[in-house]
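Understanding the architecture of this molecule
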Amino acid sequence: MLHQEMANALNKQINREMYSAYLYLSMSNFSDKSGLKGFANWFMVQYHEETYHAMKLYGYVQRQGEDVVLDTIKAPQAEFKSALDMFTLTLEHEQYITTSINELMDLAISKKDHATQIFLEWYITEQVEEEENDNDIIAQLKLIGDNPHALLMLDRELAGRSTNVPTDFTKGAEQEE
Ligand code: FEO
């Protein structure tokens with residue numbers, strides 16, 4: 001059982017995570033057409049991770065016996081100035097998501113909702129990792145500057161990113177990663 005305010009807030013977070021997936025899919029597409037296949041891979045992996053974040057929330061709201069409410073996902077921007085521009089926007093977006101997760105935790109605490117507090121701890125840890133990843137890549141892109149050779153070296157490195165998050169949610173999203 002969830003407080004209605006908590007259920008509404010979790011449903012809003014499903015939408016934010018789905019928008020995150022959509023934003024990174026757009027960045028993957030832009031990277032691909034810019035010839036940066038490794039960046040395209042990195043953002044495609046991120047798309048899967050965000051879908052998983054949304055589906056974990058979806059499953060939790062369902063298991064608590066509340067209605068899942070799926071809202072409109074706004075269209076992400078389609079064009080970006082550079083790889084650095086994409087990662088700067090990614091970090092800004094993740095900082096916004098971190099704030100929204102912290103607000104969910106504040107609400108769970110104020111409602112004395114222990115189950116949701118435990119559930120949200122996973123997201124709080126995840127956000128530290130997400131921001132760290134973005135900061136690391138931004139630092140590398142700043143060192144690279146206008147050097148296309150160095151950019152292609154980083155592209156090759158990002159091509160190696162993979163994920164083991166579930167992509168089949170027929171049995172829910174709570175399987176071990
Ligand atoms: Fe689901 Fe990147 O936060």
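Everything discussed here concerns the structure shown above.
Below, the structure is looked at part by part. If you're wondering where the values come from, they're calculated on a predicted model, not measured in any experiment.

1. Considering the environment of Val 45
By secondary structure assignment, the location of Val 45 is in helix α2 (residues 37-63). Classification of Val 45 by relative accessible area gives buried; the value is 6%. Val 45 sits 115 residues away from Gly 160 along the chain, and the two C-alpha atoms are 10 Å apart. Once residues lying within four places of it in the same chain are set aside, the contact partners of Val 45 are Arg 161, Ser 162 and Thr 163.

2. Examining the packing of aromatic side chains
Tallied over the entire structure, the rule returns 10 aromatic pairs. Ring geometry for Tyr 52 versus Trp 122: centroids 5.9 Å apart, planes at 85 degrees, classification edge-to-face. Within this pair, whereas Tyr 52 is found in helix α2, its partner Trp 122 is found in helix α4 (residues 114-144), the two being separated by 70 residues in sequence. Classification of Tyr 52 by relative accessible area gives buried; the value is 2%. Trp 122 gets classed as partly exposed once you look at its relative accessible area, which sits at 26%. Judged by centre distance (5.4 Å) and plane angle (55 degrees), the ring pair of Phe 119 and Tyr 123 falls under tilted. Of this pair, Phe 119 and Tyr 123 both sit in helix α4, four residues apart, which is roughly one turn of that helix. Residue Phe 119 shares its accessibility class with Tyr 123, and that shared class is buried. Ring pairs connect the aromatic residues Tyr 24, Phe 39, Trp 42, Phe 43 and Phe 87, which therefore count as one cluster.

3. Focus on the nonpolar core
Ranked by size, the top nonpolar core spans 20 residues in total, and within it Met 27, Phe 39, Phe 43, Phe 87, Ile 137, Leu 141 and Leu 154 carry the most contacts. At the level of secondary structure, the elements contributing two or more residues to this core comprise α1 (4-33), α2, α3 (83-110), α4 and α5 (148-158). With residues up to four places along the chain from it excluded, the contact list for Ile 137 reads Trp 42, Phe 87, Leu 154 and Leu 158. Core analysis: the next-biggest nonpolar cluster, separate from the first, contains 19 residues, Ala 7, Ile 14, Met 105 and Ala 108 among them.

About the thresholds
Residues numbered from 1 in each chain as written. Predicted model: local features only at pLDDT ≥ 70, side-chain atom pairs only at ≥ 80, totals over all residues. Heavy atoms only, no water. Helix = DSSP H or I, 4+ residues; strand = E, 2+ residues; numbered from the N terminus. Buried < 20%, exposed > 50% of the residue type's maximum accessible area, 1.4 Å probe, protein only. Contact = heavy atoms within 4.5 Å. Phe/Tyr/Trp six-rings, centres within 6.5 Å; stacked < 30°, edge-to-face > 60°. Core = buried A, V, L, I, M, F, W, Y, C linked by side-chain atoms within 4.5 Å.

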